[in-house]
2 protein chains.
Amino acid sequence: LIMSEEYCTNVLRCLCVDIINKAKSGHPGMPLGMAPIAEVLWTKYLKFNPKNPKWINRDRFVLSNGHGSSLLYALLHLAGFNLSMDDLKQFRQLKSKTPGHPERLETEGVEVTTGPLGQGIANAVGMAMMEENLRARFNQPGFPLIDHFTYAFCGDGCLMEGVAQEAISLAGHLKLGKLILFYDDNGITIDGSTKLAYSDDVPAKLSACGWHTIVIPECDTDFEAITHAIEEAQKETRKPSIICCRTTIGYASVLAGTAKVHGTPLGPENAVALKKTLGLDESKTFFVPDEVRAEFSKKGELGMEQEKEWQAMFEKYTAAFPELSKKLLELQCFPTLDMSILPRYVPADEKKATRQLSQTCLNAIAPHMEGLIGGSADLTPSNNTAVKIFKTFSETERDGRYIHFGIREHGMLAICNGMQAYADGIVPYCGTFLNFVAYGLGALRMSALSHHHLIIVGTHDSIGVGEDGPTHQPVETLMTLRSMPNVLTFRPADGNETSGCYYQAIVHTKSPSVICLTRQALPQLEGSAPEKVKFGAYTVFESSPEPKIVLAATGSEVSLCVDAAKVMQDSIPVRVVSMPCWEIFDMQDAEYKKSVFPRGACVLGVEAACVAGWERYAHAVIGMHSYGVSAPAEVAMEHFGFTVENVTEKAKKLVEHFAEKEVPDLLDRIF
Amino acid sequence: LIMSEEYCTNVLRCLCVDIINKAKSGHPGMPLGMAPIAEVLWTKYLKFNPKNPKWINRDRFVLSNGHGSSLLYALLHLAGFNLSMDDLKQFRQLKSKTPGHPERLETEGVEVTTGPLGQGIANAVGMAMMEENLRARFNQPGFPLIDHFTYAFCGDGCLMEGVAQEAISLAGHLKLGKLILFYDDNGITIDGSTKLAYSDDVPAKLSACGWHTIVIPECDTDFEAITHAIEEAQKETRKPSIICCRTTIGYASVLAGTAKVHGTPLGPENAVALKKTLGLDESKTFFVPDEVRAEFSKKGELGMEQEKEWQAMFEKYTAAFPELSKKLLELQCFPTLDMSILPRYVPADEKKATRQLSQTCLNAIAPHMEGLIGGSADLTPSNNTAVKIFKTFSETERDGRYIHFGIREHGMLAICNGMQAYADGIVPYCGTFLNFVAYGLGALRMSALSHHHLIIVGTHDSIGVGEDGPTHQPVETLMTLRSMPNVLTFRPADGNETSGCYYQAIVHTKSPSVICLTRQALPQLEGSAPEKVKFGAYTVFESSPEPKIVLAATGSEVSLCVDAAKVMQDSIPVRVVSMPCWEIFDMQDAEYKKSVFPRGACVLGVEAACVAGWERYAHAVIGMHSYGVSAPAEVAMEHFGFTVENVTEKAKKLVEHFAEKEVPDLLDRIF
Ligand SMILES: [Ca+2]
Ligand SMILES: [Ca+2]
């Protein structure tokens, strides 16, 4: 009996309850319900090496219902990962390895940060896509280097979220046969019965999306059914599988089957009762019998052997396919880039929209970056995200590196997080209109928090969109992105800056970057250069090294300011500062900042976006105070004052305003 | 022949093409494909009075695929709404009534602003919910005051979007039998064939969500099938209906069936060819034969009669049910509120979380506001959004005013936009964690752009969330919201301010408001009052009317600053300014602003959120520069410096820093 699956499961259940009780905070309902599935998967099927959590051919495991974090931590501990019993006792405490929701930067073995519902399902879809892609690109006869499953747990909340529905639809379309999703169908959400808000026939719905579906009518104790379902799911290789597991939330506790057990610790008394019910020694906490520990550590020990064999195979592969071997290694390291492969421009070069210049960069980079893979949310011809050497990733061309994500912005971003989490060298890029990055902000936040290295191509970046009107013209988006820690917001002014922005986006390997690009053509500037972007902001034009006024602008407004400066320069010493990336400028030292915005010169910000935030650098701003308008782009720009006449007039007024008084020193901020 | 449906449809098609050609910008593909459905619906079924587009018992029509705006404008014109042929010729021009995508504030008869895909489907769900709700609340035997359908058009893009999937799932659950959705199944999206990214079996999928499904295999010319489908859909009153219409994008044009025709004008030559193909006079543009116009205007004429009869019925109803009549009228006017019904507090009152105080406000308001209706995205006990007198809105209790939206934040917000659009007096409120407002930002933007009067209850508003950690702790959200034009961002510091924030949210009838609320308890302040919120910011404590330093804070950091000020006051003259709403403060006159932030006093901002944006008011900030941490709330707060010790220390440093030099005048901004 002691070695039965039920017994192991019950030990796991009680360990989770003790972890949560110790913290006096956490979510016991899900671990009590999903422990049987976890036990079967982690002791019989999951392939991993606890001593090398980054082994590329490991199975991926995603806890999309991340509030069940205690279950994941208990599993990682029991399976032999670098997570001690003391770590479990530090659950939800400052600087512990066991934060409230799983965070991939804090804990070895946590594949992705989860908690915000739905994200994990999309992450798992991204991982399964990468598995298919790398399998096709690298495996050779006799060398199954990439060959593993992606498993994910999820609950009702995850499935209700649109981001998950988008990813599910794409996964079915792409026939990701090695993706296996376990749905914790416990009939309960925080508000109470799922009957309050949810009537989807989940198997029928996922079947309509091209998924293979399995239902386990009773999952609390039926280990055989779980085992059988996993094997069935593994066998179906042409469709992703969902295993709908009917479980009891808070199983065997006094609160079993109720919403109350979702997010409140059971407390010591109920824990004692639970242990009695489950036949465990109620006097003990954090109790793991050696035999149970041995059971849970078996797969890890096997995994160490498996990786050894894999490494031996990889050595032979390296001898046989040295080029491919090198590329596969490259995919596992943070990328580097030689700036010289990026295009450079001179003022005589043609005017171009930065979205076109962006495409030139993508085409330039692609042959040098094995990890570059991406696409667009159905705006390929508008976002200019197609890359010549990339085939379309599809069921029949698994080695393709261009992805048609469909009209699914949130899903796209969350899928890209999962793709990026697959290996350090993978850099997904994804296009949409800048205005619709807002649809995916929940995922972008996860990119930033988890240091996912993504490039978001956000075209049609202002009222310069023109006739499509305010529903399609971002005005608030730049500041939204600038407010998010660890998101780099780029807005290049011309070709050289576009190249520089791509370079910076690639060398900042721990941040997602959003590159904001125009629909409309812009001239190539005299004073720009790709390498200047590394300062975030720099002088692109000046009539004097001691300007009275600085025109500070980004993107399409930089050339406008240069034109205005040329008109003004005879009457007022003027400088134009291009600011392709505020965040990078903010990282510069005080001396450099002062050299760009010299003491005594007033600063006029000019940006076709909301003025909020410009107070950091500018004494006045020409910007947006409302949403845009539907009109031809030039008319819209003129309507809101983005003209040489208005810039020169406002600049003069600002200089006059400060003629008799000290110009406030905006850089003088002590913290 | 001349009066045939096909002929009318072809005239409509060519009118759309001419509108787009004149603008040299627009989307002909969808109007050419969906014109037959529009013709049948608008000439045979849609109930409306073109002379009173706000008649409450009209059918609602939503163009979720809003890029087909020319079709809607042509229909409104032909049906007799206040939209002239000249207006059609001003398509996509500055200040015209015919912007690129339909905007409800610009054009009579446009129910909701659409274009961002998926939103319109959710809006229609919200409208259908309000129809059910008001029908149950107001209709009496013999008085079917509210009794109409909600129709929506959508395309592949709308259906792929998560926001639509969320709304579809809820609509099926709620059995919204009077909602009829027309799906333009043309097999094409911008990237090309839908086969590139989309394999959902749409009828099976929606059937699994509880929808009634109808498929029309050929919709380009089969008017009989369309007619039959609409009648079948109308008859099914226990389930929402989707009519899947197989159409040809760009029908009859040379680009028919291709992605190219989606978003590019046909141009004069192709328009001539099209007219020839359709058997119309190719020499004419903007041509509408009188007979065709008559056909399209019939339903409007009937609608005028129908409203007359309805008004007569309403008069009788008023006599029989004066109270109900008054309430129904109230629902059609912008709300007012008597501030005295809102709770007031004194410092001796119990410490409470502002999320609890928010619930007290909701309960206080509910009996006085017929238009208040709302709920939570499955966080009812956490968001404290339950209202005692509200029953749950469900299939069996249609008169309920509490909605369990499920875990569907984006859908919830977009549905609320539709509910609000139903009548001016409706004020939907909806709860989620502040951090997950980001999931619904695409819809909140539409609220702001369209002046939807919503109240978003965003609880757990900072690192004060504690153990759940950075995945659940907003840091960037306040600035994100403050960057959005026409969104009011409230963050009350105590009970009086919470009451004041609710009051302001209700009297600002043309803006959505987000009320950001704490998880943790806060003390009742000495100097607060509900009426002070109308200034946006005000002095809540001062040791001297001539402070050397101003501590400016919001929400939970206000009481912290008061505590710090009391420690400092003997050594430094200090003032604490509470800023419950930046946007409202920014609307005040210069004199008032100067009275709050007096010249010469330095300002230290204190807010448990990203520092970005504070440069507008503060010379230094104690705020967040990163995401949060998983730890007990007090530990997290201390970790990031939100302590009396740190505030006093930093305040002193700031005063010292400016001891010898002029304090920059941050209010001195000329534009
Ligand atoms: Ca559940
Ligand atoms: Ca389509």
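If you're wondering where the values come from, they're calculated on a predicted model, not measured in any experiment.

## Some details on the overall build of chain A
- Helix and strand content of chain A: 23 helices and 20 strands.
- A globule of 671 residues ought to have a C-alpha radius of gyration of about 26 Å, and chain A, at 28 Å, matches this closely.
- Its C-alpha atoms give chain A principal-axis dimensions of roughly 95 × 60 × 45 Å.
- Scored against the burial criterion, the 671 residues of chain A give a buried share of 70%.
- When the accessible surface of chain A is split by element, carbon and sulfur atoms take 51% of a total near 20900 Å².
- Each charge class in chain A can be summarised by its mean position, and for the 63 positive and 80 negative side chains these summaries are 2 Å apart.

## Topic: helix 23 (residues 644-657) of chain A
Residue and element names in this part refer to chain A.
- Look at helix 23: 20 Å from first C-alpha to last across 14 residues, which is about the 20 Å you get at 1.5 Å a residue.
- Buried residues of helix 23: Val644, Asn646, Val647, Thr648, Lys650, Ala651, Leu654 and Val655, and no others.
- Buried residues belonging to helix 23 abut strand 17 (549-553), helix 19 (556-568), strand 19 (602-610) and strand 20 (620-624).

## Details of the relation of the copies chain B and chain A
- Superposing chain B onto chain A takes a rotation of 180° plus a shift of 0.0 Å along the axis, which leaves an RMSD of 0.0 Å. In the structure described here, the two chain copies are related by an operation that fits a two-fold rotation axis. Residue Gly162(B), judged by its C-alpha, is the member of chain B lying nearest the rotation axis, at 1.8 Å.
- The fraction of interface residues of chain B whose copies in chain A are also interface residues reaches 100%, indicating that both copies meet through the same surface.

## Things to note about the interface of chain B and chain A
- Every contact between the two is made by 109 residues of chain B and, on the other side, 110 residues of chain A.
- Of the roughly 9000 Å² buried where chain B meets chain A, counting both sides, 58% is carbon and sulfur surface.
- Of all residues in chain B, the largest losses of buried area upon contact with chain A belong to Tyr439(B), Arg445(B) and Phe671(B), amounting jointly to 9% of the total for that side.
- Where chain B packs against chain A, one counts 8 salt bridges.
- Arg445(A) is paired through a salt bridge with Glu476(B); the nearest N and O atoms lie 2.6 Å apart.
- For the interface between chain B and chain A, the tally reads 58 residue pairs in polar contact (both at pLDDT 80 or more).
- In terms of residue class, the side of chain B that touches chain A is built from 48 nonpolar, 35 polar and 26 charged.

## A look at the nonpolar core
- Ile549(A), Leu551(A), Ile549(B) and Leu551(B) are the most contacted members of the largest nonpolar core, which has 279 residues in total.
- Filtering out sequence-adjacent residues up to four positions away, Leu551(B) remains in contact with Cys561(B), Ala564(B), Ala565(B), Met568(B), Val574(B), Arg575(B), Val576(B), Val577(B), Leu604(B), Val647(B) and Ala651(B).

## Describing the packing of helix 19 of chain A against helix 23 of chain A
Residue and element names in this part refer to chain A.
- At a closest axis distance of 9 Å, the pairing of helix 19 and helix 23 adopts a crossing angle of 60°. If you check the angle between helix 19 and helix 23, you find them oblique. For the pair helix 19 and helix 23, the crossing hand works out as right-handed. Residues Leu560, Asp563, Ala564, Val567 and Met568 of helix 19 form the contact with helix 23, whose participating residues are Val644, Val647, Thr648 and Ala651.

So, how was this worked out
Residues numbered from 1 in each chain as written. Chains lettered and ligands numbered in written order. Predicted model: local features only at pLDDT ≥ 70, side-chain atom pairs only at ≥ 80, totals over all residues. Heavy atoms only, no water. Helix = DSSP H or I, 4+ residues; strand = E, 2+ residues; numbered from the N terminus. Rg over C-alpha atoms; globule rule 2.2 N^0.38 Å. Buried < 20%, exposed > 50% of the residue type's maximum accessible area, 1.4 Å probe, protein only. Areas by Shrake-Rupley, 256 points an atom, 1.4 Å probe, with all protein chains shown as cover. Lys, Arg positive; Asp, Glu negative; His and termini not counted. Charge placed at Lys NZ, Arg CZ, Asp CG, Glu CD. Expected span 1.5 Å × (residues − 1). Contact = heavy atoms within 4.5 Å. Least-squares fit on C-alpha atoms with pLDDT ≥ 70 in both. Buried area = accessible area lost by both parts, 1.4 Å probe. Salt bridge = Lys/Arg side-chain N within 4 Å of Asp/Glu carboxyl O. Polar contact = N/O pair within 3.5 Å; in protein donor to acceptor, adjacent residues only side chain to side chain. Nonpolar A, V, L, I, M, F, W, Y, C, P; charged D, E, K, R; others polar. Core = buried A, V, L, I, M, F, W, Y, C linked by side-chain atoms within 4.5 Å. Axes fitted to C-alpha atoms, helices over the stretch in contact; angles between N-to-C directions. Parallel < 35°, antiparallel > 145°, perpendicular 65-115°, else oblique. Left-handed = near helix turned anticlockwise from the far one by under 90°.

Keep in mind these values describe shape, not function.
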